[in-house]
Amino acid sequence: MTQQVKRIDPYWHTHPMIPTGVAVGGILALIGYLKAATVLAALGGVVMALAILFAARPVLSAVLGTLGLAGGLLSFVVVPNLSAAGMSMPLKLVATLMFAVFYMVLMDALILVLAVLYNLFSHTFGMSAVRLALEAAEEQPAAE
């Protein structure tokens, strides 16, 4: 049996204020960066990150956060690079946690943008979508 993926839906909430929150947070972060106002830049980044996390399904964030945690542990604790080699263990763990959060937010944003582009090309422009060949599963007897 062949199925066609016409639309990808990784969105948790689709309220119109979510893209507005991403845009406003990005603008605040940019203004804070240009004016060297660290608090404003951090506030804008937090607003943007929360809007992205609110837009993506929690399972995506959980999977990507786990991958970020594994990558952070590998980069900072198990096989530290030259810049992390002199860090103390608590500082390495903080760096790992920050890496995991940043990785989760950035990859959530990437998946959301990829879904928008896929849906645009496949549905709006009528390009052929990805096809999946599926087989019917055999019934397994219930274990007693």
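In what follows, the structure referred to is the one given above.
For clarity, every value in this text was computed on a predicted model and none was experimentally measured.

A few points about the environment of Ala84
Now for step 1: Turning to its location among the elements, Ala84 is positioned in the loop between α3 (58-78) and α4 (89-124).
Now for step 2: Here the alpha-carbon distance between Ala84 and Ala95, two residues 11 residues apart in the chain, equals 9.0 Å.
Now for step 3: Other than its neighbours up to four places away in sequence, Ala84 contacts Phe76 and Lys92.

Focus: the side chain of Ser61
Now for step 1: When you line up the elements, Ser61 lands in helix α3.
Now for step 2: By relative accessible area, which is 10% here, Ser61 ends up buried.
Now for step 3: Non-local contacts of Ser61, meaning those with residues more than four positions away in its chain, are made with Leu53, Ala56, Met104 and Asp108.

Side note on the side chain of Lys92
Now for step 1: Within the secondary structure, Lys92 is located in helix α4.
Now for step 2: No salt bridge is formed by the buried Lys92; the nearest opposite charge belongs to Asp108, separated by 28 Å.
Now for step 3: The contacts of Lys92, once residues within four sequence positions are left out, are Phe76, Val77, Pro80, Ala84, Ala85 and Met87.

Some details on the nonpolar core
Now for step 1: With 10 residues, the main nonpolar core is built from Tyr11, Ile18, Ala49, Ala51, Ile52, Ala55, Ala56, Val105, Leu112 and Ala115.
Now for step 2: Elements with a minimum of two residues in this core: α2 (38-55) and α4.
Now for step 3: Setting aside its immediate chain neighbours within four residues, Ala55 contacts Pro10, Tyr11, Trp12, His13, Ile18 and Leu112.

Digging into α2
Now for step 1: An ideal rise of 1.5 Å per residue puts 26 Å on 18 residues; α2 measures up with 26 Å between its terminal C-alpha atoms.
Now for step 2: Those residues of α2 that sit buried are Gly44, Ala49, Ala51, Ile52 and Ala55. For α2, the angular spread of buried residues about the axis comes to 160 degrees, placing them on one side. Turned more than 90 degrees away from the buried face of α2 sit Thr38, Val39 and Leu50, all of them exposed.

Some remarks on the pattern of salt bridges
Now for step 1: Across all of its chains, the model carries 1 salt bridge by this definition.
Now for step 2: Linking Arg57 and Asp9 is a salt bridge whose minimum nitrogen-to-oxygen distance equals 3.4 Å. On the criterion of sequence distance, the pair formed by Arg57 in the loop between α2 and α3 and Asp9 in the loop between β1 (2-5) and α1 (17-34) is long-range, its members being 48 residues apart.
Now for step 3: On the basis of relative accessibility, which here comes to 33%, the residue Arg57 falls in the partly exposed class.
Now for step 4: Judged by its relative accessible area of 38%, Asp9 is partly exposed.

Some words on the packing of aromatic side chains
Now for step 1: Summed over all chains, the structure comprises 4 aromatic pairs.
Now for step 2: Geometrically, the ring pair formed by Phe99 and Tyr103 is stacked, given 6.0 Å between the ring centres and 20 degrees between the ring planes. With Phe99 and Tyr103 both in helix α4 and 4 residues apart, the pair spans about one turn of that helix.
Now for step 3: For Phe99, a relative accessible area of 31% translates into the label partly exposed.
Now for step 4: The partly exposed category is assigned to Tyr103, whose relative accessible area is 27%.
Now for step 5: Taken together, the aromatic side chains of Phe76, Phe99 and Tyr103 make up a single cluster linked through ring pairs.

Conventions we followed
- Residues numbered from 1 in each chain as written.
- Predicted model: local features only at pLDDT ≥ 70, side-chain atom pairs only at ≥ 80, totals over all residues.
- Heavy atoms only, no water.
- Helix = DSSP H or I, 4+ residues; strand = E, 2+ residues; numbered from the N terminus.
- Contact = heavy atoms within 4.5 Å.
- Buried < 20%, exposed > 50% of the residue type's maximum accessible area, 1.4 Å probe, protein only.
- Lys, Arg positive; Asp, Glu negative; His and termini not counted.
- Salt bridge = Lys/Arg side-chain N within 4 Å of Asp/Glu carboxyl O.
- Core = buried A, V, L, I, M, F, W, Y, C linked by side-chain atoms within 4.5 Å.
- Expected span 1.5 Å × (residues − 1).
- Arc of directions from axis to C-beta.
- Phe/Tyr/Trp six-rings, centres within 6.5 Å; stacked < 30°, edge-to-face > 60°.

Distances and angles like these do not, on their own, reveal function.
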